[in-house]
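Breakdown of the fold
So the chains spell out like this:
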Amino acid sequence: MPLDSVTLGEFSQAIGCVEDYFGESIDDVAVHAPISRRRLVAVLARAQHSGRQLDSDRLADNGEIVHQSGDETLFWLDDDFWTNLGGLYYLRPDEGRAAREVHRRLIETVSSGVADHNRERDPFVLIN
């Protein structure tokens, strides 16, 4: 199945996973972003689907693993993950920025802040 293909069942599962995992972070970002909560969840679900298709090894080849557990793997990526995702799924810039912010907030919480060298890198959380 091509990277941009997803079945309704897979997408529904990803939506549930994203809502459960990111929880209040989605609400916090959606309040301040020009994007609805529902649309933000959909963008986050697409990102999870794409991340699963790429898998942890390919993602790690393009960045750095910040944290890994049985539930998630947190990355700083160097290969414009969010820009590429935006082009693949025709996301508006606000949609990509809001989704990226949800990921960034979680990584900052886990890694106790963001080092200056990570400001230009793409945050990504792959939910297992």
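Below, the structure is looked at part by part.

Cut-offs and rules
- Residues numbered from 1 in each chain as written.
- Predicted model: local features only at pLDDT ≥ 70, side-chain atom pairs only at ≥ 80, totals over all residues.
- Heavy atoms only, no water.
- Helix = DSSP H or I, 4+ residues; strand = E, 2+ residues; numbered from the N terminus.
- Polar contact = N/O pair within 3.5 Å; in protein donor to acceptor, adjacent residues only side chain to side chain.
- Salt bridge = Lys/Arg side-chain N within 4 Å of Asp/Glu carboxyl O.
- Buried < 20%, exposed > 50% of the residue type's maximum accessible area, 1.4 Å probe, protein only.
- Pairing = 2+ DSSP bridges.
- Phe/Tyr/Trp six-rings, centres within 6.5 Å; stacked < 30°, edge-to-face > 60°.

1. Some details on the side chain of Glu95
Turning to its location among the elements, Glu95 is positioned in helix 5 (residues 93-111). Among the polar contacts made by the side chain of Glu95, one reaches the main-chain amide nitrogen of Arg92 at a distance of 2.8 Å.

2. Describing the pattern of salt bridges
Using the criterion set out here, one finds nine salt bridges in the structure. The partner of Arg39 in a salt bridge is Glu95, and the shortest N-O contact between them spans 2.8 Å. Taken together, the residues span a long stretch of sequence, with Arg39 in helix 3 (residues 37-61) and Glu95 in helix 5 at a distance of 56 residues. Residue classification places Arg39 among the partly exposed residues on the basis of a relative accessible area of 33%. Salt-bridge contacts for Glu95 lead to Arg92; the nearest nitrogen and oxygen are separated by 3.5 Å.

3. Notes on the pairing of strand 1 (residues 63-68)
Both strand 1 and strand 2 (residues 72-77) contribute to a ladder of five bridges, which runs antiparallel. For Ile65, the partnering residue across the bridge sits in strand 2 and is Phe75. Linkage of strand 1 to strand 2, two consecutive antiparallel strands, is achieved through a turn of three residues.

4. Thoughts on the packing of aromatic side chains
If you walk through the whole model with that rule in mind, you get four aromatic pairs. Here Tyr21 and Phe22 contribute two aromatic rings whose centre-to-centre distance is 5.0 Å and whose plane-to-plane angle is 85°, an arrangement assigned as edge-to-face. You can call Tyr21 partly exposed: its relative accessible area is 23%. The structure contains a cluster of three or more aromatic residues connected by ring pairs, namely Phe81, Trp82 and Phe124.

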